[in-house]
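As a plain string of letters, each chain reads:
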Amino acid sequence: MILSKMNNRGTKIRTYISHWRNLGYDNEKRLKHAPTIARDNLKLLENCCIWLIPVIAFIMIVRCAYWGISVANILPFMLLIVEFLVMIILVREDVLLKRGIIKKNRILTRTVIFTLYLVTLYYDVVRLPEERNVLLCVFLVTYGTVFDIYPENNLKIAIGMFLLTGILEYNLESYPVFRYNMLNNVIAILIGCFVSWNKVKNKMEVLVREEYKKELQEKESQISIMMSQVQPHFLYNTLSTIRILCGIDVKKAQDSLLNFTEYIRENLDVLGSTEMIPVTQELGHVKRYVNLEQMRYGEKLQVEYDVQDVEFLIPPLTIQPVMENAIKYGAGDKRGGGTVKLMIRKEGHMNVIVVEDDGNGIDASSIEEIPLKDDGRTHIGLKNVKERVEKMADGKLDFYSRKGCGTIVTIYIPDEKD
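Quick caveat, the model's predicted, so the values are computed rather than measured.

Chemist: What exactly am I supposed to notice about the overall build of the protein chain here?
Modeler: Helices and strands together make up the secondary structure of the protein chain, namely 12 helices and 7 strands. Looking at the 418 residues of the protein chain, the share that counts as buried comes to 44%. Entry remark: accessible area of the protein chain is about 23,600 Å², with carbon and sulfur atoms responsible for 61%.

Chemist: I keep staring at unusual backbone geometry and nothing clicks. Help me out?
Modeler: Excluding glycine, most residues fall at negative phi; most peptide bonds, likewise, are trans. Look at Leu317: it is not a glycine, yet its phi comes out positive at around 55 degrees. Considering the arrangement of structural elements, one finds Leu317 in the loop between β3 (313-314) and α11 (319-329). Note on Leu317: relative accessible area 2%, which makes it buried. Non-glycine residue Asp394 carries a positive phi angle of around 55 degrees. Turning to its location among the elements, Asp394 is positioned in the loop between α12 (377-393) and β6 (396-402).

Chemist: Would you mind going over helix α2 (residues 27-67) with me for this structure?
Modeler: Each α-helix winds once per 3.6 residues, and so residues spaced three or four apart point in a common direction. Of all the bends in α2, the greatest reaches close to 40 degrees and is centred on His33; the proline Pro35 follows between one and four positions later. Just downstream of α2 lies Gly68, where phi reads positive at about 90 degrees.

Chemist: Can you walk me through a positive patch on the surface in this structure?
Modeler: A surface patch of like charges, here positive, comprises Lys103, Arg106, Arg110 and Lys156. At 3 residues, the largest contribution of residues to the positive patch is made by helix α4 (residues 101-126). Here Lys156 is to be found in helix α6 (residues 151-172).

Chemist: Before we go on, may I ask you to explain the side chain of Thr120 in this structure?
Modeler: Within the element layout of this structure, Thr120 appears in helix α4. Each residue touching Thr120, except ones within four places of it in the same chain, is listed here: Val125, Leu135, Leu136 and Phe139.

Chemist: So what exactly am I meant to see when it comes to the packing of aromatic side chains here?
Modeler: Summed over all chains, the structure comprises 4 aromatic pairs. Between Phe114 and Tyr117 the ring centres are 6.3 Å apart and the planes differ by 35 degrees, which places this aromatic pair in the tilted class. Pair noted here: Phe114 and Tyr117 are both in helix α4, with a separation of 3 residues, about one helical turn. Judged by its relative accessible area of 0%, Tyr117 falls in the buried class. Through a chain of ring-to-ring contacts, the aromatic side chains of Phe114, Tyr117 and Phe139 assemble into a single cluster. Lys396 extends its terminal NZ or CZ atom over the ring of Tyr412, reaching a point 5.1 Å from the ring centre.

Chemist: Please clarify how the sheet that holds strand β4 (residues 338-347) should be interpreted in this entry.
Modeler: To summarise the sheet geometry, strands pair through backbone hydrogen bonds and adopt either a parallel or an antiparallel arrangement. Spatial strand order, β2-β4-β5-β7-β6: 5 strands in an open sheet with mixed pairing. Strands with a single pairing partner mark the edges of an open sheet, and in this sheet they are β2 (301-307) and β6. Averaged over all pairs of adjacent strands, the angle between strand axes in this sheet comes to 10 degrees, irrespective of strand direction. Direction of pairing for strand β5 (residues 350-357) relative to strand β7 (residues 406-414): antiparallel, over a ladder of 8 bridges. When the sheet's bridge partners are listed, Met350 is paired in β7 with Pro414. Contacting β2 and β4, helix α10 (residues 279-297) runs over the sheet at an angle of about 165 degrees to β2.

So, how was this worked out
Residues numbered from 1 in each chain as written. Predicted model: local features only at pLDDT ≥ 70, side-chain atom pairs only at ≥ 80, totals over all residues. Heavy atoms only, no water. Helix = DSSP H or I, 4+ residues; strand = E, 2+ residues; numbered from the N terminus. Buried < 20%, exposed > 50% of the residue type's maximum accessible area, 1.4 Å probe, protein only. Areas by Shrake-Rupley, 256 points an atom, 1.4 Å probe, with all protein chains shown as cover. Bend = angle between axes of the 7 residues up to and from the residue. Patch = residues over 30% accessible without salt bridge, like charges linked within 9 Å, V, L, I, M, F, W, Y side chains within 5 Å. Salt bridge = Lys/Arg side-chain N within 4 Å of Asp/Glu carboxyl O. Lys, Arg positive; Asp, Glu negative; His and termini not counted. Charge placed at Lys NZ, Arg CZ, Asp CG, Glu CD. Contact = heavy atoms within 4.5 Å. Phe/Tyr/Trp six-rings, centres within 6.5 Å; stacked < 30°, edge-to-face > 60°. Lys NZ or Arg CZ within 6 Å of the ring centre and 35° of its normal. Pairing = 2+ DSSP bridges. Axes fitted to C-alpha atoms, helices over the stretch in contact; angles between N-to-C directions.

Here you go:
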């Protein structure tokens, strides 16, 4: 019974510690957002160093004006200025990144904190041992509130500074002053740790909220893409054509029905997909769609393929919506029919996908200039593709169309190593 109660209490204590350590979230989310917090902290560190340089220079000038020019009044401040300049350079340059952004942030932040602590310790404890260490207490409260340090790291730093301060004050100060200063240090550390924990927790809440919104937007984007590919008129036209084929060519009707089911299945699979796919897989999806449309348009729709490069990955449903746009609003909308060309080639470190049609065209040089059709899909479909190419592949999409000449859509996908 006693052992059971002790185990329960131990479990609760571990839960509280985990909650404190992970800022109220699970460890997975903490680790996921740690690089973002570290990157923001490095930017904050750079701004602090930029701000501190003129402040320290001003203090040095004032001390020299009042107490005269001496090594004690110049050297410590010059060393601080040099250190802060080095820190600014290290933050801006890709130094220490082999160890990771989190370790780089930890090394540089702790270096600056420890340096400022030593300076504060020297002027507040060594130079004035019998005075109350107000400057040191202010530092212990503020350093954790300025920098985004995780709770356990902040506590380790605070304990280390507290012990070093205690040893130094014990040997330099009288007992009443020592006792008073150490009590002040404990209070300052507790306040600093509490404020720091809440500050970083609030930042975590913002990051988690932004992540949730981004996931919702991606889901909505995936659903809108899927719905844009499976419109009622397309289902009706395709199924009507297959029904007619059943009375003319049963084998062709069976092949068309199989093609149609695979097309629908791949569209549905996109709903749960956040990964890039081989371009060959997307080409298979494109050809299934084109076969279904050629079944309806017949000889009015000609499609030409010039594929020279297939060794790269693309976001799912990248080429097919562009081909649909070229067929529905380009070649398929042209009196007497038209031709759609799909070209894939390599240009340096770029994989280039070009979809060109000789349809009626419009006067537009970007997606934003495309006038919306009655169903509103032309702009939305291409815009979704553009956003996915930019976010998932770090690529870009160019649109160019002229009335009476046709439309060209070019997609650039950089090599994965870039």
